[in-house]
Amino acid sequence: MSEQTQRDDVKIPAQSAAPAAEALPDAGPVAAPAEGAVPAAAPEAVVAQASAEAAEPVVAEAEAVSPDASPAAVPEPEPVPADGVPAEAAAPEAVVHVRRKPLRERRGLRAALRWTAAVVVFAALGGAAAYAVTQPERTEIPGLETPDDGRWTYPALKLPKLPAGKPRALDTDRNRPRRHYADVRTLLLPAPAGAKVDKGFPGATGWLPTGDFLELYPKGDRKKLGAALEQNTLRHIAARAWTMGDGTRAEVYLLQFATLGYSGDAKDTFVVDGTPAKADSADYDTEWESTWLEDPELHPSLFDEDKPRGAEHVRYGYVQAGDVLAVVVLSKAGTQPAVPFHQTVLLQAQLLG
C-alpha cells in the first residue's frame, strides 16, 4: 500500500496597494519629538506583523508604489506634539491581510492527517502480525492452512491428564527414571485426515503382541531383536497403522520399558540391527535437521533406504523419549517424500515429551 503525504501550502493572494492617503493641509514645519519619546506604531501594522510571524513561512506580496506617482500624492507627516504622541498614527504603505482557512477546513485537514497516520501504523502492525502468523508450524495454530508441501492434516493434538501429583516424563528434576505415568496408548499419534486406519492394529483399545511387532524385521534378525526387548524389560507395545490415498503406508509403535536406561539400550540395538524387512539397507536421513526437536531429552535416529531401492521406498526412525522407544515406519511404491515422514516423527515425539 503506497502512502501519500498531504501538504497544504498556504497561499496568500496578492493584495492591492493601500489607497493613497488624502493630502493634509500644510501645518508648517514638523516639531522635533521630545527626548526619549517613542512614536506609537499603527494598530493595523502590529496586527499584520503578528499574523506574519504566526504563519511560517508566509510570503507577503504587495504592490510597490509606482515610481511615476506624483509627489503630491505622497502625504506629508503630521505634526507631533511635544509630549511625543502623534495626533493621528500614519497608515502604512501596504497592509497585508493573511487569510486563514475556515475552521471546518482546518478540522478536516487535521482529521485527514490523523487517519493517514493511523492507516500507516495499522498497516505496519498488520504486516508484522501476518509475518508472525505464517512462521509457526501448523500444530501450533489450530485450523491454519499451510501451503501444499505434502504435509498431512492431523487433528488437534492433546496431551492426556497425568495422575495427581505425578510429573511429566521428561522432567529431569522430579522424574529421574523418565517414566511415562500416562497410558502410552493415549500418546499414540492419531491418523491424519483421509487415512484408512488398519483395524489389525489395536490403537487405543489394546496392546500389540511382541511377535507381531517383530514381523516388521527380516526373519534372520527377529531372534536377536526379541532377546534385546526381553533383556531390557519390555512392558508392552502400543501400535497404530493407516494407509493414505496415495498409497503411503504408515506404522507407529510405542515400546515402553521400565526406565530410561533400558529403553536406551534397546534403541542402540535397533539402530544397528533394526532395518525393516522392506528395506535391504539404509543410511542416516540427511534431510533431517537435528534442531527440529529442541528438547534434549528426545533422542531421534532417522534413516532413509539406500539406492537402488526395491518396489517400495522405506523411511523409518527411532525416537527415545524417557522409558518409551517410538518406532515410525513409512513406505510407498516409487518414491516416499520426506515431508510427511518428518512431520509424523516430530508430532509423535512432541506427544511423548
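Structure's up top.
Residues numbered from 1 in each chain as written. Predicted model: local features only at pLDDT ≥ 70, side-chain atom pairs only at ≥ 80, totals over all residues. Heavy atoms only, no water.

(A) Molecular detail of the overall build of the protein. Helix and strand counts for the protein come out as six helices and seven strands. For the protein, the α and β elements follow one another from N to C terminus as α-α-β-α-α-β-β-α-β-β-β-β-α. Buried residues in the protein amount to 31% of all 353 residues. A separation of at least 24 residues holds for 66% of the contacts in the protein among residues at least 6 apart in sequence. As displayed, the protein has an accessible area near 22200 Å², and 55% of this comes from carbon and sulfur atoms. (Helix = DSSP H or I, 4+ residues; strand = E, 2+ residues; numbered from the N terminus. Buried < 20%, exposed > 50% of the residue type's maximum accessible area, 1.4 Å probe, protein only. Contact = heavy atoms within 4.5 Å. Areas by Shrake-Rupley, 256 points an atom, 1.4 Å probe, with all protein chains shown as cover.)

(B) Summary view of the environment of Leu229. One can find Leu229 in helix α4 (residues 219-231). A relative accessible area of 1% means that Leu229 is categorised as buried. Put simply, Leu229 and Lys267 are 38 residues apart on the chain and 9.7 Å apart in space, counted from C-alpha to C-alpha.

(C) Region of the structure containing the environment of Asn175. Looking at the element boundaries, Asn175 is found in the loop between α2 (103-134) and β1 (196-197). In the structure, Asn175 is positioned 147 residues away from Gly322 in sequence and 9.5 Å away in space, judged by C-alpha atoms. Sequence-distant contacts of Asn175, that is, excluding residues within four places in its chain, are made with Pro167, Arg168, Ala169 and Tyr181. In this structure the side chain of Asn175 is engaged in a polar contact, spanning 3.2 Å, whose partner is the backbone oxygen of Arg168. (Polar contact = N/O pair within 3.5 Å; in protein donor to acceptor, adjacent residues only side chain to side chain.)

(D) Geometry of helix α5 (residues 260-273). The terminal C-alpha atoms of α5 lie 20 Å apart, and with 14 residues this matches the ideal 20 Å at 1.5 Å per residue to within 8%. Buried within α5 are the following residues: Ser263, Gly264, Ala266, Lys267, Phe270 and Val271. Down the axis of α5, the sector holding all buried residues measures 165°, keeping them to one side. Looking at the buried positions of α5, the neighbouring elements they touch are α3 (210-214), α4, β4 (282-284), β5 (298-305), β6 (312-321) and β7 (324-333). (Expected span 1.5 Å × (residues − 1). Arc of directions from axis to C-beta.)

(E) The arrangement of the nonpolar core in detail. Core analysis: the largest hydrophobic core is formed by 31 residues, its most contacted members being Trp152, Trp242, Leu254, Val345 and Leu352. Looking at this core, the elements with two or more residues in it are β2 (236-243), β3 (249-256), β5, β6, β7 and α6 (338-352). A total of seven residues in this core trace back to one element, the largest contributor, which is α6. In this view, Leu254 contacts Val184, Leu187, Leu188, His236, Ile237, Ala238, Val324, Leu325, Ala326, Gln348 and Leu352; residues no more than four positions away in its chain are not counted. Counting residues in each nonpolar core, the second largest holds 26 residues, with Leu234, Ala241, Tyr253 and Val329 among its members. (Core = buried A, V, L, I, M, F, W, Y, C linked by side-chain atoms within 4.5 Å.)

(F) Looking closely at unusual backbone geometry. A cis amide bond links Lys307 with the next residue in sequence, Pro308, at an omega value of -5°. Relative to the assigned elements, Pro308 resides in the loop between β5 and β6. The phi dihedral of Arg178 falls on the positive side, at around 60°, and the residue is not glycine. In this structure, Arg178 sits in the loop between α2 and β1.

(G) Main features of the packing of aromatic side chains. Counted by the stated rule, this structure contains 12 aromatic pairs. With 5.7 Å between their ring centres and 75° between their planes, Phe213 and Tyr217 make a pair best called edge-to-face. The class for Phe213 is buried, based on a relative accessible area of 0%. For the ring pair Trp288 and Trp292, a centre distance of 5.2 Å and an interplane angle of 80° mean the geometry is edge-to-face. When its relative accessible area of 13% is taken as the criterion, Trp288 is described as buried. Owing to a relative accessible area of 36%, Trp292 belongs among the partly exposed residues under this scheme. (Phe/Tyr/Trp six-rings, centres within 6.5 Å; stacked < 30°, edge-to-face > 60°.)

(H) Representation of the environment of Gly274 in the model. Considering the arrangement of structural elements, one finds Gly274 in the loop between α5 and β4. Separated by 53 residues in sequence, Gly274 and Asp221 have C-alpha atoms that sit 7.7 Å apart. Discounting chain neighbours no more than four positions away, the residues touching Gly274 are Tyr217, Leu225, Thr269, Tyr316 and Tyr318.

(I) Expanded view of the packing of α4 against α5. Here α4 crosses α5 at 170°, and the two axes come no closer than 9 Å. Classified by the angle between their axes, α4 and α5 sit roughly antiparallel to one another. Packed against α4, whose contacting residues are Asp221, Lys224, Leu225, Ala228, Leu229 and Gln231, the element α5 presents Tyr262, Thr269, Phe270 and Asp273 at the interface. Here the residues of the contact of α4 with α5 sort into five nonpolar, two polar and three charged. (Axes fitted to C-alpha atoms, helices over the stretch in contact; angles between N-to-C directions. Parallel < 35°, antiparallel > 145°, perpendicular 65-115°, else oblique. Nonpolar A, V, L, I, M, F, W, Y, C, P; charged D, E, K, R; others polar.)

(J) Representation of the sheet that holds β2. In space, the seven strands of this open sheet follow the order β1-β2-β3-β7-β6-β5-β4, with antiparallel pairing throughout. This sheet does not close on itself; its edge strands, each paired only once, are β1 and β4. The strands that α6 touches are β3, β5, β6 and β7; relative to β7, the one it contacts most, it runs at about 160°. (Pairing = 2+ DSSP bridges.)

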